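Geometric and topological summary
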Amino acid sequence: MASPMEKDDLVNLKSFIEFVDSNPTVLNVPQLKFVKDFIEKFGGQVPAGDFKMPDAAAGGKCPFGGDAGAKSKPAGAGVSTPDSEGVSIDSDASENDESATESESDVELDMEGVIQPDLDPAQPMGDSAKEVTEEEIEQAGDVRGEAAKAYGEQKFEDAIGLYTKAIELNPGNAFYYAKRGQAFLKLKKPNACIRDCDKALELNCDSAAAHKFRGRAHRLLGQFEEAAKDLRQACKLDFDEETDEWLREVTPNAKKIEQHRVKQERKQAERKVKDRLRAQNKARKEQDKQKASAGSTGGAAGGFPDGAAGKEEPEEAASRGDDSTGRASRAVLK
């Protein structure tokens, strides 16, 4: 079933709800009494108290398009003209939109634990087209056991080498790539880990280990949204305490980034509406100008300017007079 609201309206509604969630006393404002009544109708309760706009220094933004610390404009600045639909179009709206985007371009994130990316050449990935024999599968399993032992002894370089050998023997086993990725993670090589986990998920999209380690790698690179997405999926596939802890660690930053993106999308949608209204307003003015010009031209075409249609040149009048006299004389002679 289609939504009864337009996409832009839903974006604005989501932004408003997020603001109310952080500032519930805003519902005590008289203009929002109908929202408060609606919530209380279904058993909800709005905290008592007067609403105070968030401090501008703390990044307080009003969800209705204002700024907690906005200063009044000087007279004549940003003249607003309503269009035929009653929407105000600011003459300096484009400049205001750009400055608003710039002021919100940076999101304050907790970057503790983020590391520099590793730039090593890509690790061997084995031959995907290889036809593996039963003997090779068995050998790969034995090597994998040695790799797990090396990893348990924190000999991560050795573990990587052994998992690489297992991959070369049996390149179709997703688990080997995920475990080698885990070893790369221990050596603070998140990009190498991501490459291995990408390959593991290519072979098995339901590999919880690959989602888990790739999520952790994204976190180390400061890619919090990607990290949260992978870690959520890992918890769905095979929940464990460590994965859940890693997910809770990245969620605050991921949520900030998501909220910022929603705000930016809302601003872009508003700019598109304003641009469309400006274009329509300009087109109407051009049409009105053309109609006015056509009307004045049509009036002149119906007669001669300056009353010229009612005047005659003396020579023309005399000529017609002589003609009339001649006709009268000929009539008498007859």
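Calculation notes
Residues numbered from 1 in each chain as written. Predicted model: local features only at pLDDT ≥ 70, side-chain atom pairs only at ≥ 80, totals over all residues. Heavy atoms only, no water. Helix = DSSP H or I, 4+ residues; strand = E, 2+ residues; numbered from the N terminus. Buried < 20%, exposed > 50% of the residue type's maximum accessible area, 1.4 Å probe, protein only. Contact = heavy atoms within 4.5 Å. Areas by Shrake-Rupley, 256 points an atom, 1.4 Å probe, with all protein chains shown as cover. Salt bridge = Lys/Arg side-chain N within 4 Å of Asp/Glu carboxyl O. pLDDT = per-residue confidence, 0-100. Patch = residues over 30% accessible without salt bridge, like charges linked within 9 Å, V, L, I, M, F, W, Y side chains within 5 Å. Expected span 1.5 Å × (residues − 1). Polar contact = N/O pair within 3.5 Å; in protein donor to acceptor, adjacent residues only side chain to side chain. Phe/Tyr/Trp six-rings, centres within 6.5 Å; stacked < 30°, edge-to-face > 60°. Lys NZ or Arg CZ within 6 Å of the ring centre and 35° of its normal. Core = buried A, V, L, I, M, F, W, Y, C linked by side-chain atoms within 4.5 Å. Lys, Arg positive; Asp, Glu negative; His and termini not counted. Charge placed at Lys NZ, Arg CZ, Asp CG, Glu CD. Axes fitted to C-alpha atoms, helices over the stretch in contact; angles between N-to-C directions. Parallel < 35°, antiparallel > 145°, perpendicular 65-115°, else oblique. Left-handed = near helix turned anticlockwise from the far one by under 90°.

**Section: the overall build of the protein chain**
- Secondary structure assignment for the protein chain yields 11 helices and 2 strands.
- Per-residue burial for the protein chain yields a buried fraction of 29% across its 334 residues.
- When contacts within the protein chain are restricted to residue pairs at least 6 apart in sequence, long-range pairs at least 24 apart make up 57% of them.
- Of the roughly 22,000 Å² of accessible surface on the protein chain, a fraction of 52% belongs to carbon and sulfur atoms.

**Describing the pattern of salt bridges**
- In the structure shown here, the tally under the stated rule is 18 salt bridges.
- We note a salt bridge from Asp37 to Lys33, for which the minimum N-O separation is 3.0 Å. Residue Asp37 and its partner Lys33 are located together in helix α2 (residues 33–41), separated by 4 residues, close to a single helical turn.
- The closest approach of N and O atoms between Lys212 and Asp240, which form a salt bridge, is 3.5 Å.

**With respect to the confidence of the model for the protein chain**
- When pLDDT is averaged across the protein chain, the result is 80; 71% of the residues are at 70 or more.
- Note on residues 64–87: pLDDT under 50 across the span, and 39 contacts to partners over four residues away in sequence or across chains.

**Description of a nonpolar patch on the surface**
- On the surface, Leu10, Leu13 and Ile17 cluster together to form a nonpolar patch covering roughly 240 Å² of accessible area.
- Along the chain, Leu13 turns up in helix α1 (residues 7–22).
- When its relative accessible area of 36% is taken as the criterion, Leu13 is described as partly exposed.

**Section: the environment of Asp158**
- Its place among the elements puts Asp158 in helix α5 (residues 156–169).
- Sequence separation of Asp158 and Glu146 is 12 residues, and the distance between their C-alpha atoms is 9.3 Å.

**Let's talk about α5**
- Over its 14 residues, α5 extends 20 Å from the first C-alpha to the last, a length consistent with the 20 Å expected when each residue adds 1.5 Å.
- Of all the residues in α5, the buried ones are Phe156, Ala159, Ile160, Leu162, Tyr163, Thr164, Ala166, Ile167 and Leu169.
- Contacts from the buried residues of α5 go to α4 (134–152) and α6 (174–186).

**A look at the side chain of Thr164**
- The topology assignment puts Thr164 in helix α5.
- Of note is the side chain of Thr164, whose polar atom sits 2.8 Å from the backbone oxygen of Ile160.
- Leaving out residues up to four positions away in the same chain, Thr164 has contacts with Pro124 and Arg180.

**Structural notes on the packing of aromatic side chains**
- According to the stated counting rule, one finds 1 aromatic pair in the structure shown.
- When the ring of Tyr151 is compared with that of Phe156, the centres are 5.2 Å apart and the planes differ by 65 degrees; the resulting orientation is edge-to-face. For the pair shown, Tyr151 and Phe156 are each scored as buried.
- A cation over an aromatic ring shows up here: Lys179 above the ring of Tyr151, its NZ or CZ 5.7 Å from the ring centre.

**What about the nonpolar core?**
- Counting 31 residues, the largest nonpolar core has Leu185, Cys193, Ala200 and Ala210 as the members making the most contacts within it.
- Residue assignment for this core shows that the elements contributing at least two residues are α4, α5, α6, α7 (190–203) and α8 (208–220).
- Those residues in contact with Ala200 that sit more than four places away from it in its chain are Ala174, Tyr177, Ala178 and Ala210.
- Ranked by size, the runner-up nonpolar core spans 9 residues in total, among them Ala227, Cys235, Val250 and Ala254.

**A closer look at unusual backbone geometry**
- With phi around 60 degrees, Gln154 is a residue other than glycine that occupies positive phi space.
- As for its placement among the helices and strands, Gln154 is situated in the loop between α4 and α5.
- Here Lys188, not a glycine, exhibits a phi torsion of approximately 60 degrees, which is positive.
- Secondary-structure assignment places Lys188 in the loop between α6 and α7.

**Points about α8**
- Relative to the 18 Å expected for 13 residues at 1.5 Å per residue, α8 spans 19 Å between its end C-alpha atoms, a close match to the ideal helical length.
- Within α8, 12 of the 13 residues are buried, leaving the element largely enclosed by the surrounding structure.
- Phi turns positive one or two residues past the end of α8, at Gly222, with a value near 80 degrees.

**Describing a negative patch on the surface**
- A cluster of like negative charges, contributed by Glu134, Glu135, Glu138, Asp142 and Glu146, occupies part of the molecular surface.
- Tracing the chain through its elements places Glu138 in helix α4.
- A relative accessible area of 58% means that Glu138 is categorised as exposed.

**A closer look at the packing of α7 against α8**
- Running from N to C, α7 and α8 point in directions that differ by 150 degrees, and their axes come no closer than 9 Å. Classified by the angle between their axes, α7 and α8 sit roughly antiparallel to one another. At the point where α7 passes α8, the crossing takes the left-handed sense. Only Ala210, His211, Phe213, Arg214, Ala217, His218 and Leu220 of α8 make contact with α7, whose side of the interface consists of Pro190, Cys193, Ile194, Cys197, Asp198, Ala200 and Leu201.

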